[in-house]
Amino acid sequence: RRQQQQQQQHPTPQYTLIQSFEATHGNHGEQEAIAQRALSNNNNDNNANTTTTIRMIRMDSQAKYAMVATGHADVYLRLSRTQRPHENIWDHAAGVILVEEAAAAAAARSTMTMTTMTMTLDLGNGNNGPNESHHDVGVVVVTDRRGRPLDFGTGTAKLVNNDGVVVTTSRGVQQRILEALQQ
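Undergrad: Help me out: how do you make sense of the overall build of the chain in this one?
TA: Across its full length, the chain holds 5 helices and 5 strands. The secondary structure elements of the chain, listed N-terminal to C-terminal, are α-β-α-β-α-β-α-β-β-α. Going through the 183 residues of the chain one by one, you find that 46% of them count as buried. At a minimum sequence separation of 6, the contacts of the chain that also span at least 24 residues come to 74%. On the chain, roughly 9,800 Å² of surface is accessible, and the fraction owed to carbon and sulfur atoms is 46%.

Next up, the structure:
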């Protein structure tokens, strides 16, 4: 009973990391280690007695961006496995537009929360809703691993001015991911 009361006072922080299903699209091990390092209790203000849970989901297509835009995922990482890290523009342009428009719509409606924007999605674990406590309503942050906006205006089919892709549902989570990437 006492343990149950303590859990209610200090709920276990849960984050969802989404990444590409294809191993060639990113370094899954590195991405998972970065999320663990960035989002663990050692790097946030939560009670030291709580444990952070990070759920990993792998999927392909622009659905990864939709998962972040709707709050079903907190972080989408795509970090290159190769020496030629430049991403194809077509792999990200539509997703960036999707999250920017979703964030703008949420911000424009003062009574709207991320919960009202969610889609019904069965992930096979009974958790179909967003992790609301990690979200800034109307904010989805998209940068590369150095914190730079994605540059689609280079005149090439590649994101030559960027290194990887980091998408998050809050400025705080984004900052923690970027700091972990620099370690």
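Undergrad: Explanation requested: helix α4 (residues 93–108) in the structure shown.
TA: An α-helical turn contains 3.6 residues, so any two residues separated by three or four positions project in the same direction. Its 16 residues give α4 an end-to-end C-alpha distance of 23 Å, which sits within 8% of 22 Å, the value for a rise of 1.5 Å per residue. Residues of α4 that are buried: G95, V96, V99, A102, A103 and A106. Angular distribution of buried residues about the axis of α4 spans 135°; they occupy a single face of the element. Away from the buried face of α4 by more than 90 degrees, exposed residues I97, E101 and A108 are located.

Undergrad: Help me understand the pairing of strand β3 (residues 75–78) in this model?
TA: Along any regular strand, the residues point their side chains to alternate faces of the sheet. Neither face of β3 is exposed, since V75 and L77 on one face and Y76 and R78 on the opposite face are all buried. By the bridge criterion, 2 bridges tie strand β1 (residues 14–19) to β3 in an arrangement that is parallel. Looking at β3, one finds that L17 is bridged to V75. For β3 and strand β5 (residues 165–168), the ladder comprises 4 bridges, and the chain directions are antiparallel. Of the residues in β5, the one forming a bridge with L77 is V166.

Undergrad: Explanation requested: helix α5 (residues 171–182) in the structure shown.
TA: For α5, built from 12 residues, the straight-helix expectation of 16 Å at 1.5 Å per residue is met to within 8% by its first-to-last C-alpha distance of 17 Å. Of the positions making up α5, those classed as buried are V173, Q174, R176, I177, L178, A180 and L181.

Undergrad: Help me out: how do you make sense of the packing of helix α2 (residues 28–39) against α5 in this one?
TA: The axes of two packed helices give the description: the angle between them and the distance between them. Closest axis-to-axis distance for the α2/α5 pair is 8 Å, and the angle between their directions is 120°. In this view, α2 runs oblique relative to α5, as classed from their interaxial angle. When the axes of α2 and α5 are compared, the crossing they make is right-handed. Along its contact with α2, which presents I34, A35, R37, A38 and L39, the element α5 presents V173, R176, I177, A180 and L181. Class assignment for the residues of the contact of α2 with α5 results in 8 nonpolar, no polar and 2 charged.

Here is what the cut-offs are and how they apply
For every chain, the first residue of the written sequence is number 1, and numbering continues from 1 along that sequence. Residue-level local features of this predicted model are given only where pLDDT is at least 70; pairs of side-chain atoms are given and counted only at 80 or more, and the full residue set underlies all totals for whole chains, interfaces and linings. Where side-chain values are given, they derive from all heavy atoms of the structure, hydrogens and water being excluded. Numbering goes from the N terminus for both helices and strands, where a helix is a DSSP run of H or I of at least four residues and a strand is a run of E of at least two. In this scheme, a residue with accessible area under 20% of its type's maximum is buried, one over 50% is exposed, and one in between is partly exposed, where area comes from a 1.4 Å probe on protein chains only. By definition in these notes, contact holds between two residues if any of their heavy atoms fall within 4.5 Å. Using a 1.4 Å probe, accessible areas were evaluated by the Shrake-Rupley method; residue-level cover was limited to the displayed protein chains. The length a helix should cover is 1.5 Å for every residue beyond the first. Think of the arc as the fan of directions from the helix axis to the C-beta atoms. The criterion for strand pairing is that DSSP finds at least two bridges linking the strands in question. Each axis is a line fitted through C-alpha atoms, taken for helices only over the stretch in contact, and angles between the N-to-C directions span 0 to 180 degrees. Roughly parallel refers to an angle under 35 degrees, roughly antiparallel to one over 145, roughly perpendicular to one between 65 and 115, and oblique to any angle outside these ranges. When the near helix sits turned anticlockwise from the far one by under a right angle, the crossing is termed left-handed; a clockwise turn instead gives a right-handed crossing. In this classification, Asp, Glu, Lys and Arg are treated as charged, Ala, Val, Leu, Ile, Met, Phe, Trp, Tyr, Cys and Pro as nonpolar, and every other residue, Gly included, as polar.

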